[in-house]
Amino acid sequence: MNPQNDQEVAVFGQGYVGLPLSIALVKAGYKVVGFDLDREKIQQIRESQSPIVDISNSEIQELHKSKNYIATSDLQKCENSTVKIVCVPTPLTDESTPDFYFVTKAIDLIGSIMNDRDLVIIESTIAIGSTRNLILDLLNEKVKTKAISFDLVYSPERIDPGSKNWNLNNTPKLVSGLNEASLKRGCQIYSRFIKDLVECSSFEIAEAAKLLENTFRLVNISFINELSMLLRAVNIDVLEVIQAAATKPYGFMQFFPSVGVGGHCIPVDPIYLTSFADKVGFQMQTVKTAVKVNNGLPDYFAKLASDFLGGLKNKKILIVGIAFKKNISDTRESSSIKLLVELRKLGAKVYWHDDLVQYWNGETTSEISDNYDLLVLSTPHDYLRLSDVTSVPILDSRGFIL
Ligand SMILES: NC(=O)c1ccc[n+]([C@@H]2O[C@H](COP(=O)([O-])OP(=O)(O)OC[C@H]3O[C@@H](n4cnc5c(N)ncnc54)[C@H](O)[C@@H]3O)[C@@H](O)[C@H]2O)c1
């Protein structure tokens, strides 16, 4: 197969990963079919209403103007794309175990429309061994009666939502292939719009590297949060300690206190790693402890608020910032929301302010005002100015100042 024959790509999942990827592919000269089972999202994209904050409506208008992009829920429209890229969610089940439902569904759909010599690329974050033992097996099973061959690539996405410095084009990308031909073909696609490609020698290396990256963040953020709890208890300013430590020119990286990690990746991916470890009979103690520390943070902050206010019953509290990260609107797995739920459970009247989120769970953002007993600065978006609120104490989750 000459890799340059690939002209049309179908991207399965038009969310935080799939939509920016579709835009990059179109800019690189590919025809793109943006496929998503969520018909409302597809309609929104067709009307040039961006479903994610990192992509503007005008970028979607440009995409439509190019005439090289369609948004669809019609699987047949993906049939002629020789490259099929999977960007669907990999969340946790209610029992906090990896949920492969969306990936297996996507592979099932792809398998039903596969043509000879198609290339399937997985960008979703998955557990070690899943590309070979789950996805490859499923594809082989789906196509066994058709007698066709295909290429397979695993290339995990590293998008940093809200980042002004790092984007799809300048973030090095890991690429791994079933064999040399798959790897070469995958690299050919990405090299049209990504500067640095890092070829991995197996699927398992790329899968484990992706889990290492995100687990590294969880472990370090949990550590700094645990340290900040200790230092607060003995009246030492954690921010000054971090600043002092950061003067070491090597071997140290700064992490800051917060109400805990959130989002679709950092709290979730480490569980894909620990589940894999459990399966092969290995205990990942550090990671499990980090997950536990992170899960305990909403309780810890609720207790801080309660101690300060002398109980929470009927106290009016405003949580400022409910997105999982500053300067974005995504609330998935947000620790701020877990704190909100906890405070309500303990009897407080809790409102929230977040102009980027606006609506959540049938509720709308509340104005920041002096009309509260306590403000909790949970997600410090750049637009926020709390200096006008003079009479309300502020619990700053990033520095614990009350
Ligand atoms: N969001 C991030 O910052 C980020 C960063 C790196 C990696 N990832 C990984 O990328 C993957 C996708 O994450 P996301 O944030 O884009 O999720 P998302 O929820 O924003 O988007 C996924 C989309 O896939 C659609 N979908 C579900 N099943 C489908 C199917 N069978 N066929 C077609 N579409 C389907 C959903 O409707 C949704 O619109 C996950 O594995 C995630 O861990 C995400």
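Not measured: the values here are computed from a predicted model.

Rules behind the numbers
- Residues numbered from 1 in each chain as written.
- Predicted model: local features only at pLDDT ≥ 70, side-chain atom pairs only at ≥ 80, totals over all residues.
- Heavy atoms only, no water.
- Core = buried A, V, L, I, M, F, W, Y, C linked by side-chain atoms within 4.5 Å.
- Buried < 20%, exposed > 50% of the residue type's maximum accessible area, 1.4 Å probe, protein only.
- Helix = DSSP H or I, 4+ residues; strand = E, 2+ residues; numbered from the N terminus.
- Contact = heavy atoms within 4.5 Å.
- 1 Å grid on protein atoms, 1.4 Å probe; cavity = no way out; pocket = protein on both sides within 12 Å on 5 of 7 lines; lining within 4 Å.
- Points joined across faces, edges and corners; volume = space filled by probe spheres on them.
- Nonpolar A, V, L, I, M, F, W, Y, C, P; charged D, E, K, R; others polar.
- Pairing = 2+ DSSP bridges.
- Axes fitted to C-alpha atoms, helices over the stretch in contact; angles between N-to-C directions.

Caption draft 1: Main features of the nonpolar core. Formed by 33 residues in total, the largest nonpolar core has its most connected members in Leu21, Leu25, Tyr69, Ile85, Tyr190 and Phe193. Those elements giving two or more residues to this core turn out to be β1 (8–12), α1 (18–27), α2 (39–46), α3 (57–65), β3 (69–72), β4 (83–86), β5 (118–122) and α6 (180–190). With six residues, α1 is the single largest residue contributor to this core. Discounting residues that sit within four places of it in the chain, Tyr190 has contacts with Leu21, Ile85, Ile121, Glu123, Ser155, Lys173, Val175 and Leu197. With 30 residues, the next largest nonpolar core counts Val88, Val120, Phe150 and Leu174 among its residues.

Caption draft 2: Spotlight on empty space enclosed by the protein. What the rule picks out here adds up to one cavity of 30 Å³ or more. In this structure, the largest cavity is lined by Tyr16, Pro20, Ile52, Asp54, Ile159 and Pro161. Residues that form the lining of the largest cavity fall into these classes: five nonpolar, no polar and one charged.

Caption draft 3: Structural view of the sheet that holds strand β7 (residues 173–177). Reading across the sheet, the eight strands line up as β3-β2-β1-β4-β5-β6-β7-β8 and stay open at both edges, with mixed pairing between neighbours. Looking along the sheet, the strands with just one partner apiece sit at the ends: β3 and β8 (197–199). Sheet twist, expressed as the mean angle between neighbouring strand axes with direction ignored, is 25°. Across four bridges, the pairing between strand β2 (residues 31–35) and β3 is parallel. Its bridge partner being in β3, Gly34 is matched across the sheet by Ala71. Across the face of the sheet, α2 comes into contact with β2 and β3 while running at roughly 150° to β3. Where α6 meets the sheet, its contacts fall on β4, β5, β6 (150–154), β7 and β8, and the angle it forms with β7 comes to roughly 150°.

Caption draft 4: Focus on the sheet that holds strand β13 (residues 374–377). If you trace the four strands from one edge of the open sheet to the other, you get β10-β9-β13-β14, paired in parallel fashion. Edge strands, defined here as strands with exactly one partner in the open sheet, are β10 (349–353) and β14 (394–396). The average undirected angle you get between the axes of adjacent strands in this sheet is 20°. Sitting on the sheet, helix α11 (residues 335–345) touches β9 (316–320), β10 and β13, and the angle it makes with β9 is about 175°.

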